[in-house]
Amino acid sequence: MAVAVFKSPLGGEYHGSKRMEGKQPAGRRRVFVQTDTGCVLGMELDRSDNAHTVKRRLQIALNVSTDESSLTFGDMVLKNDLSAVRNDSPLLLTRNYLHRSSSTPCLSPTGRDIQQRDQSRPIEILGQSNSFAKMKQVVTESIKAIKNGVDPLPVHSGLGGAYYFRNSRGQSVAIVKPTDEEPFAPNNPKGFVGKALGQPGLKRSVRVGETGFREVAAYLLDHDHFANVPPTALVKITHSIFNVNDGVNGNKPHKKKQVSKIASFQQFIPHDFDASDHGTSSFPVSSVHRIGILDIRIFNTDRHAGNLLVRKLDGVGRFGQVELIPIDHGLCLPETLEDPYFEWIHWPQASIPFSDDELDYIEKLNPGKDCDMLRMQLPMIRVACLRVLVLCTIFLKEAAIHGLCLAEIGEMMSREFRPGEEEPSELELVCIEARRLIAEREAFSPRGDLGDDQEFQFDLDCDETQYDFTAKLTADDYMIRSPFQFGIGSGSGRFPLSKLEESIEEDEESEGEEEQEGFAALRTLEKLPTISKLSMSLKSTTLGDKNQKLSGTKPENGCLSNRSSGHRSANEQLPASTTFVELADMTEEEWTLFLEKFQELLNPAFAKRKYVTLGQRQRQRLGTSCQF
């Protein structure tokens, strides 16, 4: 399944880099190999190279041990065949902690290996998409400033390492975030260390060192600059300003030296403040909608006010008008569905229906083409991330067709929290039901009569560091013991899809009563079985203050509204989240069938949401300081 990520019309030897045209023979590719501690080496590959030769050169050039290690490219572990590796691709050398095999070849140097040198420029863009044309100018300005002695400035806020790169006039033109200085990464400058690149990070569904290419993905997916994401590229960058720790304790060496790193390189956008410092009443409805549409597509798990920049628009007739610039997309496109965070859910702009232009934009979205584009531009992206993109884009398109507003869509994707437990969102419940239907179909398929006693099961994956159980339920368990049910939005109860038509036909005699009393038409349904197996298995889940998100106000400690604060630990900033739905464990055939079932189940889910919404009074989505 991992191989599917790298399928493309260009095959395995993509020569998109104009820099190398005329300078390297056919079949040669330039790649950037990164160790799990953050060291980076640029090298050229030819047809005769394999993982062993790459590791040998890395060992000599960087003086690092390559024993008991693997060379990886996204989901793929590279061995003899390197044909899947594209030009300008980043590779990762990870430790596998296995005993060395006696068949492992000796990594003795050769004359050619000794001559291997990294002759990279100070800043090199990984990939040569036309989308990066604007970034080339910013890169040129930054290189010129470095040569003129204008050094970058470190960014002191946030949990990870970031730097303002400037032009020759001393003006900030880009913000650079090295992958090895992310929270928990080996060279984090703010004390959040302890993990190697490639391990689960702040969120278990986003690995350490992989937020950079997600920043680029958000920019590439923002077609026609619809949501105003600043131009972003993945680069290999060399400078002495970067942080290098001495061991896992984060001790910083006193002497700075030139180090090369892989980093996200985003154009700096001058702005006046961020959304946490400004009342939301002046935010244009279209800007909120467009950012929300992007957040839904990429399943943004960290959209808070601190990563929405606000810029005042000057000029005649523009008094008080502003524009929004969304930044910090490193926690989008997770590998599994979890709990997203959309701060705009609480804003009244999100409850206004989509405009015709927005509906037209949504209608034209093509998740298949988006995946092909990301495979081309970011070939290291994982299958699971692409499947999340496909799933969320389909969900958005179908929701728009059914007339749901942005806030309703966001609520269906967000989880409800109750004391001591975490329940799946309505989106996750649709996915769980789709997987149950696939399991049921497989159980009764002809293949099930071949004498194999193996049951068709799937995992409800949980954080292995917190749970001592593996939640595996068969199709029969789901059908008999625990029918899947959908939330009604207000948190007063859940009920199965099979009861949808029945509940819609019941009278609405309780319409107009207080919300906490619920509908009379739903009271009988509350007695139906709930997802008890999920709830009981998650009693020990620690949720922190995230249940406050449903109240429509900011938590007092600011944990959710401003995760850039440096006063709490990284674990407190983003609590661990339970995984109810796995997407990467399906074969291509199962994935195709899953999408068919998923789309079939969306119609009753959206119909139920509209039915419930029409019977309720308008929900207050803003804090007391905001008016609209």
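Just so you know, these numbers come straight off a predicted model, no measurement behind them.

## Let's talk about the overall build of the chain
The helix and strand tally for the chain stands at 16 helices and 20 strands. A buried classification covers 58% of the 628 residues belonging to the chain. As displayed, the chain offers around 27,900 Å² of accessible surface, 49% of which is attributable to carbon and sulfur atoms.

## Remarks on the pairing of strand S11 (residues 259-267)
Successive side chains on a regular strand alternate, one facing one side of the sheet and the next facing the other. Most of S11 sits inside the fold, with eight of its nine residues counted as buried. Inspection of the sheet shows strand S9 (residues 172-178) paired to S11 by five bridges, in the antiparallel sense. Residue pairing across strands places isoleucine 175 opposite glutamine 266, the latter belonging to S11.

## Some thoughts on empty space enclosed by the protein
Any empty space left between the atoms is revealed when a probe the size of a water molecule rolls over them. All chains considered together, the criterion is met by seven cavities of 30 Å³ or more. Approximately 90 Å³ is the volume found for the largest cavity. Taken together, 15 residues make up the lining of the largest cavity; nearest its centre are Asn87, Gly127, Met376, Gln377 and Pro379. Secondary-structure elements contributing two or more residues to the lining of the largest cavity are strand S5 (89-95) and helix H7 (367-377). Of the residues contributing to the lining of the largest cavity, the split by class is eight nonpolar, five polar and two charged.

## Comments concerning helix H4 (residues 211-221)
Burial within H4 is extensive, with eleven of its eleven residues counted as buried. Inspection of H4 places Thr211, Gly212, Phe213, Arg214, Glu215, Val216, Ala217, Ala218, Tyr219, Leu220 and Leu221 among the buried residues, and these make up the whole buried set.

## Remarks on the environment of alanine 162
When you line up the elements, alanine 162 lands in the loop between strand S7 (153-154) and strand S8 (163-166). Sequence-wise, alanine 162 and lysine 177 are 15 residues apart; in three dimensions their C-alpha atoms are separated by 4.5 Å.

## Observations regarding the sheet that holds strand S1 (residues 29-35)
Within a sheet, each strand pairs with its neighbour through backbone hydrogen bonds, oriented either parallel or antiparallel. Read across the open sheet, the five strands follow the order S2-S1-S5-S3-S4; overall the sheet is mixed. This sheet does not close on itself; its edge strands, each paired only once, are strand S2 (40-45) and strand S4 (76-78). On average, adjacent strands in this sheet sit at an angle of 35 degrees to one another, irrespective of strand direction. Strand contacts of helix H1 (residues 51-62): S1, S2, strand S3 (69-73), S4 and S5, with the helix running at about 135 degrees to S2, the strand carrying the most contacts.

## Some remarks on the packing of aromatic side chains
Ring pairs (aromatic) are described by centroid distance and by the angle formed between their planes. Considering all chains together, one arrives at nine aromatic pairs under this definition. Residues tyrosine 164 and phenylalanine 268 carry aromatic rings whose centres are separated by 5.5 Å and whose planes lie at 80 degrees to one another, so their mutual orientation is edge-to-face. Residue tyrosine 164 is located in strand S8, and its partner phenylalanine 268 is located in the loop between S11 and strand S12 (273-274); the two are separated by 104 residues in the primary sequence. We note lysine 195 situated over the ring of phenylalanine 184; from NZ or CZ to the ring centre the distance is 5.2 Å.

## Observations concerning the confidence of the model for the chain
For the chain, the average pLDDT comes to 75, and 66% of its residues sit at 70 or higher. Across the chain, helix H6 (residues 356-364) holds the top mean pLDDT of 98, while helix H11 (residues 475-480) sits lowest at 36. This stretch, residues 98-115, has a pLDDT under 50; its non-local contacts, to residues over four places away or in other chains, come to 24 contacts. Across residues 617-628, confidence stays below pLDDT 50; counting only partners more than four residues off in sequence or on other chains, it has 27 contacts.

## Examining the environment of histidine 304
By the element assignment, histidine 304 lies in the loop between helix H5 (285-297) and strand S13 (308-312). Within the structure, the side chain of histidine 304 is placed 2.9 Å from the backbone nitrogen of glycine 306, a separation counted as a polar contact.

## Observations concerning the pattern of salt bridges
Opposite charge on two side chains permits pairing when their charged atoms draw close. All told, the structure shown has 26 salt bridges when counted by the stated rule. The closest approach of N and O atoms between glutamate 422 and arginine 415, which form a salt bridge, is 2.4 Å. Exposure class is identical for glutamate 422 and arginine 415. Each is buried. Close ionic contact of arginine 415 with glutamate 428 constitutes a salt bridge, the shortest N to O distance being 2.6 Å. In this pair, arginine 415 sits in the loop between helix H9 (406-413) and strand S15 (417-418) while glutamate 428 sits in helix H10 (residues 426-443), placing the two residues 13 residues apart along the sequence. Across the pair, glutamate 428 and arginine 415 agree in class, each one buried. Taken together, the salt bridges that share partners define one network made up of Asp75, Arg207, Glu210, Arg214, Glu335 and Arg382.

## Here's the deal with the sheet that holds strand S10 (residues 232-239)
Across the sheet, six strands lie side by side as S6-S10-S11-S9-S8-S7; this open sheet has antiparallel pairing. The sheet is open, and its two edges are formed by strand S6 (123-125) and S7, each paired on a single side. Along the sheet face, helix H3 (residues 133-147) touches S6, S8, S9, S10 and S11 and points at about 130 degrees away from the line of S11. Sheet strands touched by H4: S9, S10 and S11. Its angle to S10, the strand with the most contacts, is close to 145 degrees.

## Remarks on the pairing of S9
Here S9 lies mainly inside the structure; five of its seven residues are buried. Bridge count between S8 and S9: four bridges; the pairing is antiparallel. Bridged to arginine 166 within S9 is serine 172. Between S8 and the antiparallel strand that follows it, S9, lie five residues; glycine 170 among them carries a positive phi value of about 85 degrees.

## Comments concerning the packing of H4 against H7
Direction vectors running N to C along H4 and H7 enclose 135 degrees, while the axes themselves pass 11 Å from each other. In terms of orientation, H4 lies oblique with respect to H7. Classified by chirality, the crossing of H7 by H4 is right-handed. Note on element contacts: H7 touches H4 through Asp370, Met373, Leu374 and Gln377, opposite Ala217, Leu220 and Leu221. When its residues are assigned to classes, the contact of H4 with H7 shows five nonpolar, one polar and one charged.

Procedures and definitions
- Residue numbers restart at each chain and count upward from 1, following the sequence in its written direction.
- For a predicted model such as this one, the threshold for reporting local features is a pLDDT of at least 70, and the threshold for listing and counting side-chain atom pairs is 80 or more; totals across whole chains, interfaces and linings nevertheless cover every residue.
- Side-chain numbers here rest on the full set of heavy atoms in the structure, without hydrogens or water.
- Secondary structure elements are taken from DSSP: a helix is a run of H or I of four residues or more, a strand is a run of E of two residues or more, and numbering for both begins at the N terminus.
- Only protein chains enter the accessibility calculation, which uses a 1.4 Å probe; a residue is then buried when its area is under 20% of its type maximum, exposed when over 50%, and partly exposed in between.
- Accessibility throughout is a Shrake-Rupley quantity obtained with a 1.4 Å probe, and a residue counts as covered only by protein chains that appear here.
- When DSSP finds two or more bridges between a pair of strands, those strands are recorded as paired.
- Each cavity reported here is a set of points on a 1 Å grid over the protein atoms alone in which a 1.4 Å probe fits but cannot get out, each pocket an open set with protein on both sides within 12 Å along at least five of seven lines, and each lining residue one with an atom within 4 Å of a point.
- Grid points are joined across faces, edges and corners, and a volume is the space filled by probe spheres set on the points.
- Side-chain classes are defined by residue name, with Ala, Val, Leu, Ile, Met, Phe, Trp, Tyr, Cys and Pro counting as nonpolar, Asp, Glu, Lys and Arg as charged, and the others, Gly among them, as polar.
- All axes are obtained by fitting lines to C-alpha atoms, using only the stretch in contact for helices, and the reported angles, taken between N-to-C directions, cover 0 to 180 degrees.
- Only heavy atoms enter the contact rule, under which two residues are in contact if any of them lie within 4.5 Å.
- When the centres of two rings from Phe, Tyr and Trp lie within 6.5 Å, Trp using its six-membered ring, the rings pair. Their planes under 30 degrees apart give stacked, over 60 give edge-to-face, and anything left gives tilted.
- Look at NZ for Lys and CZ for Arg. If either is within 6 Å of the ring centre and within 35 degrees of the ring normal, a charge sits over the ring.
- For every residue, the predictor states its confidence as a pLDDT score lying anywhere from 0 to 100.
- Polar contact is the term for a pair of N or O atoms within 3.5 Å; when the atoms are in protein, one must be able to donate a hydrogen and the other to accept it, and sequence-neighboring residues count only if both atoms are side-chain atoms.
- Any carboxyl oxygen of Asp or Glu that lies within 4 Å of a side-chain nitrogen of Lys or Arg is treated as forming a salt bridge with it.
- Angular relationships are summarised with four words: roughly parallel below 35 degrees, roughly antiparallel beyond 145, roughly perpendicular across 65 to 115, and oblique for the angles in between.
- Two helices crossing with the near one rotated counterclockwise from the far one by less than a right angle form a left-handed crossing, whereas a clockwise rotation gives a right-handed crossing.

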